[in-house]
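One-letter residues, chain by chain:
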Amino acid sequence: MSAATTTGARAERLKKATLDAARAFGDPARRSDYLELYDDNAAIYYTPQGTIKGIEAIKQYYSGFWAAFPDARLELENVMAEGDRVACTFTVTGTHTGSAFNGIPAAGKKIAVTGASVLRFLDNGKCIERWHGADTLPLLQQLGAMPATPH
């Protein structure tokens, strides 16, 4: 097998692992499988809370999100893989029926947040870095924490 074939096969495995993790994100019985995507020393950059470092902090971040949005779903689009990286656009949807989110009490409001991510993986298939960019202004507007933008 050539190096290009090996690299392409690895990229496809990483793409599949990312897509499988996204499906687990939306299934309360499988959410721990989503967290299995990350290495113990992983970092997620550019979240609304800043950089999140280490698997325990990542687990805490997502546990808080899922507690606020128990029906949260993650849909990936435009998923591309090359070498040790996977890039995609995403949409997170859910209903704020759980705990407070960033100090905003639950009011049963639906959200849809779009963004993009680039994930870098180690040789063991675990994500070590993720650059995350999401459009958070509409999220705050959807939750009623900011006024809607006039048209």
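Residues numbered from 1 in each chain as written. Predicted model: local features only at pLDDT ≥ 70, side-chain atom pairs only at ≥ 80, totals over all residues. Heavy atoms only, no water.

Looking at this model, I keep getting lost on the overall build of the protein chain. Mind explaining?
A count of helical and extended segments in the protein chain gives four helices and six strands. Overall, the protein chain shows an N-to-C arrangement of helices and strands of α-α-β-β-α-β-β-β-β-α. In terms of its C-alpha atoms, the protein chain occupies a principal-axis envelope of roughly 55 × 35 × 25 Å. Evaluated residue by residue, the protein chain yields a buried proportion of 36% over its 151 residues. For the protein chain, the exposed area adds up to about 8,100 Å²; of that, 56% sits on carbon and sulfur atoms. Positive and negative side-chain charges of the protein chain, numbering 16 and 16 respectively, have mean locations separated by a distance of 2 Å. (Helix = DSSP H or I, 4+ residues; strand = E, 2+ residues; numbered from the N terminus. Buried < 20%, exposed > 50% of the residue type's maximum accessible area, 1.4 Å probe, protein only. Areas by Shrake-Rupley, 256 points an atom, 1.4 Å probe, with all protein chains shown as cover. Lys, Arg positive; Asp, Glu negative; His and termini not counted. Charge placed at Lys NZ, Arg CZ, Asp CG, Glu CD.)

Where do I start with the pairing of strand 6 (residues 127–134) in this structure?
Where a strand is regular, its side chains alternate between the two sheet faces. Of the strand pairs in this sheet, strand 1 (residues 38–47) and strand 6 are connected by four bridges, and their pairing is parallel. What sits directly across from Y45, in strand 6, is W131. Where strand 5 (residues 110–121) folds back onto strand 6 in an antiparallel hairpin, the turn is made up of five residues, including G125, whose phi is positive at roughly 85 degrees. (Pairing = 2+ DSSP bridges.)

Before we go on, may I ask you to explain unusual backbone geometry in this structure?
Leaving glycine out, the prevailing phi sign among residues is negative, and the prevailing peptide bond configuration is trans. In this model, Y46 sits at a positive phi of 70 degrees, which is unusual for a non-glycine residue. Within the secondary structure, Y46 sits in strand 1. Of note, the phi angle at N78 is positive, near 50 degrees, even though the residue is not glycine. Its location among the elements puts N78 in strand 3 (residues 73–82). The class of N78 is exposed, set by a relative accessible area of 53%.

Got a minute to help me understand the sheet that holds strand 6 in this structure?
Sheets are built from strands that pair by backbone hydrogen bonding, the pairs being arranged parallel or antiparallel. In spatial order, the strands read 2-1-6-5-4-3; together these six strands make up an open sheet with mixed pairing. Edge positions in the sheet fall to strand 2 (50–53) and strand 3, since each has one partner strand and no second. When the angles between neighbouring strand axes are averaged without regard to direction, this sheet yields 15 degrees. In this fold helix 3 (residues 55–68) packs onto strand 1, strand 2, strand 4 (85–95), strand 5 and strand 6, with an angle of close to 60 degrees to the strand it touches most, strand 1. (Axes fitted to C-alpha atoms, helices over the stretch in contact; angles between N-to-C directions. Contact = heavy atoms within 4.5 Å.)

How do you make sense of the nonpolar core when you look at a structure like this?
With 36 residues, the main nonpolar core has Y34, Y38, I58, Y62 and F65 as its most contacted residues. Of all elements in the fold, only helix 1 (3–25), helix 2 (31–35), strand 1, helix 3, strand 3, strand 4 and strand 5 reach the threshold of two or more residues within this core. In terms of residues, this core owes the most to one element, helix 3, which gives six residues. Every residue in contact with Y34, bar those within four places of it in the chain, is listed here: A21, A22, A24, F25, Y62, W66, L74 and R130. (Core = buried A, V, L, I, M, F, W, Y, C linked by side-chain atoms within 4.5 Å.)

Can you walk me through helix 3 in this structure?
Over its 14 residues, helix 3 extends 20 Å from the first C-alpha to the last, a length consistent with the 20 Å expected when each residue adds 1.5 Å. Residues I55, I58, Y62, F65, W66 and A68 constitute the buried set of helix 3. The arc enclosing the buried residues of helix 3, seen along the axis, measures out at 165 degrees, which places them on a common side. The exposed residues of helix 3 that point more than 90 degrees off its buried face are E56 and Q60. (Expected span 1.5 Å × (residues − 1). Arc of directions from axis to C-beta.)

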